[in-house]
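Per-entry structural report
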Amino acid sequence: MLIEIVADFVCPWCYIGKRRLERALAQRPTQQPEVRWLPFQLDPDTPPSGIDRTIDQLAKFGSVERIRQVNTLLEQTAAAEGLTLNLDRIRRTPNTLDAHRLLRHADANGQGGAHTQELAAALQAAFFRDGRDIGDRAVLAAIAGEAGLDADAAAAFLHSDADRDALRQALATVRQLGIQAVPCFIFNRLYSLSGAQEPGAFLPLLDLAGSEGVVASAAG
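Definitions and cut-offs
Residues numbered from 1 in each chain as written. Predicted model: local features only at pLDDT ≥ 70, side-chain atom pairs only at ≥ 80, totals over all residues. Heavy atoms only, no water. Helix = DSSP H or I, 4+ residues; strand = E, 2+ residues; numbered from the N terminus. Rg over C-alpha atoms; globule rule 2.2 N^0.38 Å. Contact = heavy atoms within 4.5 Å. Areas by Shrake-Rupley, 256 points an atom, 1.4 Å probe, with all protein chains shown as cover. Lys, Arg positive; Asp, Glu negative; His and termini not counted. Charge placed at Lys NZ, Arg CZ, Asp CG, Glu CD. Axes fitted to C-alpha atoms, helices over the stretch in contact; angles between N-to-C directions. Parallel < 35°, antiparallel > 145°, perpendicular 65-115°, else oblique. Left-handed = near helix turned anticlockwise from the far one by under 90°. Nonpolar A, V, L, I, M, F, W, Y, C, P; charged D, E, K, R; others polar. Buried < 20%, exposed > 50% of the residue type's maximum accessible area, 1.4 Å probe, protein only. Pairing = 2+ DSSP bridges. Salt bridge = Lys/Arg side-chain N within 4 Å of Asp/Glu carboxyl O. Core = buried A, V, L, I, M, F, W, Y, C linked by side-chain atoms within 4.5 Å. Expected span 1.5 Å × (residues − 1). 1 Å grid on protein atoms, 1.4 Å probe; cavity = no way out; pocket = protein on both sides within 12 Å on 5 of 7 lines; lining within 4 Å. Points joined across faces, edges and corners; volume = space filled by probe spheres on them.

**A closer look at the overall build of the protein**
A count of helical and extended segments in the protein gives nine helices and six strands. Relative to its length of 220 residues, the protein is compact, with a C-alpha radius of gyration of 17 Å against a globular reference of 17 Å. In the protein, once contacts between residues fewer than 6 apart in sequence are set aside, the share between residues at least 24 apart is 76%. Carbon and sulfur atoms make up 51% of the accessible area of the protein, which amounts to about 10200 Å² in all. In the protein, which carries 22 positive and 27 negative side-chain charges, the distance between the mean positions of the two groups comes to 3 Å.

**Concerning the packing of helix α1 (residues 12-26) against helix α5 (residues 114-128)**
Relative orientation and spacing of two packed helices are given, respectively, by the angle between their axes and the distance between those axes. Packing of α1 against α5 leaves a shortest axis separation of 11 Å and a crossing angle of 135 degrees. Taken as axis vectors, α1 and α5 run oblique relative to one another. The hand of the α1/α5 crossing is left-handed. Only Q117, Q124, A125 and F128 of α5 make contact with α1, whose side of the interface consists of P12, C14, Y15 and K18. Considering only residue class, the contact of α1 with α5 consists of five nonpolar, two polar and one charged.

**Notes on the pairing of strand β1 (residues 2-7)**
Taking burial as the measure, the six residues of β1 include six buried ones, the bulk of the element. Where burial is concerned, the two faces of β1 agree: the one with L2, E4 and V6 and the one with I3, I5 and A7 are both buried. Note: β1 against strand β5 (residues 184-187), four bridges, orientation antiparallel. Counterpart to I5 in the pairing with β5 is F185.

**Topic: the pattern of salt bridges**
Where charged atoms from two side chains of opposite charge come close, those side chains can pair. Considering all chains together, one arrives at 16 salt bridges under this definition. With its nearest N and O atoms 2.6 Å apart, the salt bridge here joins K18 to E22. With K18 and E22 both in helix α1, this residue pair falls four residues apart, about one helical turn. The exposure class of K18 is buried, given its relative accessible area of 12%. Exposure remark for E22: the relative accessible area of 36% places this residue in the partly exposed category. The shortest N-O distance in the salt bridge between E81 and R23 comes to 2.7 Å. With E81 in the loop between α3 (64-80) and β4 (92-93) and R23 in helix α1, this pair connects stretches of sequence that are 58 residues apart. Taken together, the salt bridges that share partners define one network made up of D98, R101, R137, D161 and R164.

**Focus: the nonpolar core**
For soluble globular proteins, the rule of thumb is that nonpolar side chains tend to be buried together. In this structure, V6, L119, F187 and L206 are the most contacted members of the largest nonpolar core, which totals 59 residues. It is α5 that provides the largest number of residues to this core, a total of seven residues. Contacts of V6, omitting those with residues within four sequence positions, involve L38, P39, F40, V174, I179, V182, P183, C184 and I186.

**Thoughts on α5**
The first and last C-alpha atoms of α5 sit 21 Å apart over 15 residues, in line with the 21 Å expected at 1.5 Å per residue. Within α5, burial applies to T116, L119, A120, L123, Q124, A125, A126, F127 and F128. Tucked inside the fold, the buried residues of α5 contact α1, β2 (34-39), α2 (53-61), β4, α4 (97-108) and α6 (137-146).

**Let's talk about the pairing of β2**
Here β1 pairs with β2 via six bridges, running parallel. Directly across from V6, in β2, lies its bridge partner L38.

**Observations regarding the layout of surface pockets**
Empty space within the largest pocket amounts to approximately 470 Å³. Along the walls of the largest pocket sit 25 residues, with V10, C11, P12, L42 and K60 positioned nearest its centre. Of all the secondary structure elements, the ones that give two or more residues to the lining of the largest pocket are α1, α2 and α3. The leading source of residues in the lining of the largest pocket is α2, at five residues. For the second largest pocket, the calculated volume is near 290 Å³. Lining the second largest pocket are 14 residues, and of these T54, I67, N71, L87 and D88 sit closest to its centre. Mapped by element, the contributors of at least two residues to the lining of the second largest pocket are α2 and α3.

Here you go:
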């Protein structure tokens, strides 16, 4: 079975949704799916250097009080899933293009599988739990090293233009599939589930997809 997770690393519901998928998979221990990540950017127009988090949040939610309400809901929902969100630690909303490039780099260099999943989890935790700037290439290279990858090779890759055009094409392909919001979970390229659904919502699709073979990835 192939499960493709369409997500952005600065999307809190993607962080929560991935944990709920994991809880669903724990209820199907005989299934060992191949999990891949497909890139999505919530705001591709974010400057390369990022944007002040408060300014970004005010533009989205309109008031400090509304920001507090949304953040409290997110933190409480995450806590119920065993995740820690320290949203007050986040100072900048980053552009995530390089974070997506880094994950693809891990896959392309034979460091996929468990390493890719560990790196994806590390990127999400670095941002939401630790408030690290995952738009900063030095930070990204350090996270790669912490996830068991070659930090120097990651830094060299990030400071090049390698895979940049291919990633933009992959982002466009995901949009062309009609995906406008994340998270979105695609099973065997036939069935999809949108949003950070409760674990029970995944089970019928896991059962359905589990009886089929693995198919090609939705985006290169």
